[in-house]
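# Coordinate analysis (summary)
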Amino acid sequence: MLVCAGSASVALSGVGAPAAASTAPAISVSGHGWGHGRGLGQWGALGYALDGQSYQWILSHFYGGTSMGSVDNASIRVRMVENDGNDIIVTSQSPFSAAGHSLGAGQAVLMHRTGSGTWSVSTGPSCAGPWTAAGAARDDGGSPAATVSAPSSDPNAARSQLLQMCTASGNMYLRGAISAAEVGGVARTVNVLPLESYLRGVVTSESPAYWGSVGPAGAQGQAQGFQALEAQAVAARSYAMADERANGGGGVYGYADICDTTSCQVYRGVAGEASLGNAAVGDTAGQVRVSGGGAVVSTEFSSSTGGWTAGGTFPTVEDAGDSVCVSSACNSNHNWSVTVSPSAVQSAYPGIGTLSSVSVTGRAGPAAADWGGRVTQVRISGSGGAVTITGGTFAAKFGLKSDFFAVAGDAGTGTTTSTSTSTTSTSTTSTTSTSTTSTTSTSTTSTSTTSTTVPPAPTFPGTSLRVAGSDRDHTAVAASRAAFPAGGSAHGAVLARADAYADALAGAPLAAAKHGPLLLTGPDSLDPAVLAEIQRAVPSGEVVYVLGGAAALSPAVDSALTSHGYKVVRIEGNTRYATAVAVASQLGNPHTIFEASGSDFPDGLTAGPAAISQGAAVVLTAGSAQSSETHAYLAAHPGDVRFAVGAPAAHADPTAQALVGPDRYTTSAAVAGRFFVTPSVIGAATGTNFPDALAAGPALGSSGPLLLVPPSGPVPTPMARYLAAVRPGVRTLEAFGGTDALGPTALSAVIRSLG
């Protein structure tokens, strides 16, 4: 249901004052929790454990809709982020080998990237050298491999039998092997080791080891708090295996499955191991959480939910355990308070002039949560205008621990599930409200408020989000904020031209594979709002993938990104078809391929989320004829599973499995019915234009399909039947684009089928 929010604000003195400095009092903010709040809350797990709950109960509570499954102790490849861009230097207290060379105890090897896939190998008496050239190695499957092998494969080997990665801050003891890789000409270091050995370095890096000894005696001969460590072990294992199986088994990065920082989950090698953590890993060996279809689920977790989880992939639930406070373990982040100075707000948003008020205008619910739940929207007003931002942005900007907060004087009335974005550099706003939706945008000419009453829309027992911005670029920004609400939570980004769909059609699976958004910008320069969103969502130093050649996006875009600390990988071909093939290659040539017409946009838009769900790539046909570039790619990969989305692609490749309806709308329903049998999310966008739907694929991920909706009238019968069939499991409807693109009539038709 789309609901308008009650607006609560704190008004400040100095309204209309011309001076840049504000005499207004500090803004008092109270809040709950620390982190994004999705999935398991670590403090909550401890609280429930001390209340006598088992780790199985804890996992079922936080990860609703999942059950226990099992995986083998396969190898996992961990990107060692702290060594990005550096030479790889390794030593050991035991004899070891590297790239075909044998080294004695205490000796060291240095691998230096010399070109695409090639590395020089040097040896020395220690990590400090001096170095003697020993040969060359390769990271692309050639021989010898740029890999340092472990002295011992014993999972309980002592430190003296392990490899040490030499870094400026000291040596890091690692189980398993250490391999070289490269991305866009930048060196990467990868620790390859068995899954269960990896988890020993994760569990007590994420949850304190001493928790396992808190409380009276419980199950498995351990204290009750041990159940929290076991819950952490299963959550960490599931999260890692979901990443390992991403991209058709190619892992999140292609060259690695997961990273070792909070962008993934913290892994500190042997330094992160502790006896109680090791016991939790051993007692739960192989256990993961799986969906109803048997797929391993990406089980996110955070420190403290504040008493209610954030929802998303898993249902929002109360977290009564979060308030745990015993003599040896007390959650200081369950409740917190901070003050924000007016000058800090004015500095962050100079266009508002002198600050006059900060208003919480949208909350996610549920109504039972304090203040009505997490903040989805904040309005900051001043003498020169106003800006509207997300709760997550406000929290990140001003150092709050979570987006579960209230501003002093905020009664917390009402909830909203409308998501919108606005250009923060403008100084005036225009707001339009109806009884079914609340949308905020900015205007450069005037300030006005218009209220309109429309008949109530049909409802369904879930949450409806409108993801929209003032234009196509900013709708993609809104989709990015919805998908990556926590600052720095994306691992990269994909950037495409806003006014042409050709290169972007293949980009959705790439963005999902890189765990990042698909953003749009004009051809000549990087939109400042898009740059700001990249800086918010993507840590500096990560890769931004730019789709298309210089004619599509100017080299000035690359320059803007590199000047702000990002690495740029440009993926291009001589044609749109060649660019799509290049994207497939960047994805590691997955074994499942979706074909769609590159002569029009609808079928390619539909194919994106389905391809994401299958770890597949999207390649393009020349309408009803096969493009030479796609033909050559398919001929080089004869064993691939191929799906043709839409009649033109099916005609171009009659050997592919056809997913075809009489029009673009029923084709999208056919794809949804094939690949999203039990979706938790339904995405909807107009079928008459492309920009809003381009960013939808990565935002939806593998949670649900993108349905292309007619501009008016009822949805086609096949789509209505599909929506009715999946209705019991759908928790969220995400409408991409503003009311001009996807109006209330069109959205109501979808809701009616879900209601």
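Rules of the game
Residues numbered from 1 in each chain as written. Predicted model: local features only at pLDDT ≥ 70, side-chain atom pairs only at ≥ 80, totals over all residues. Heavy atoms only, no water. Pairing = 2+ DSSP bridges. Helix = DSSP H or I, 4+ residues; strand = E, 2+ residues; numbered from the N terminus. Disulfide = S-S within 2.5 Å. Buried < 20%, exposed > 50% of the residue type's maximum accessible area, 1.4 Å probe, protein only. Axes fitted to C-alpha atoms, helices over the stretch in contact; angles between N-to-C directions.

Let us now look at the pairing of strand E10 (residues 118-124). One ladder, built from seven bridges, connects strand E9 (residues 108-115) with E10; its direction is antiparallel. Along E10, the bridge assignment pairs arginine 113 with tryptophan 119. In the sheet, E10 pairs with strand E11 (residues 132-138) via six bridges, with the strands oriented antiparallel. Of the residues in E11, the one forming a bridge with threonine 123 is threonine 132.

A complete count under the given rule lists three disulfides for this structure. Linked covalently through their sulfurs, cysteine 127 and cysteine 166 form a disulfide whose S-S length is 2.0 Å. With cysteine 127 in the loop between E10 and E11 and cysteine 166 in strand E13 (residues 163-167), this residue pair connects regions lying 39 residues apart in the sequence. Under the relative-accessibility criterion, cysteine 127 is labelled partly exposed at 23%. Residue class for cysteine 166 comes out buried when judged on its relative accessible area of 8%. Residue pairing for cysteine 325: its cysteine sulfur links by disulfide to cysteine 330, the two sulfurs lying 1.9 Å apart. Handedness of the cysteine 325-cysteine 330 disulfide follows from its S-S torsion of about -95 degrees: it is left-handed. With relative accessibility at 51%, the residue cysteine 325 sits in the exposed group. With a relative accessible area of 39%, cysteine 330 lands in the partly exposed category. Taken in sequence order, the bonded cysteines of the protein chain link in the pattern 1-2, 3-4, 5-6.

Moving on: the sheet that holds E11. One open sheet holds the six strands; their spatial order is E11-E10-E9-E6-E13-E14, and the pairing between them is antiparallel. Only two strands of the sheet have a single partner each, and these edge strands are E11 and strand E14 (170-174). For this sheet, the mean inter-axis angle between neighbouring strands, taken without regard to orientation, is 30 degrees.

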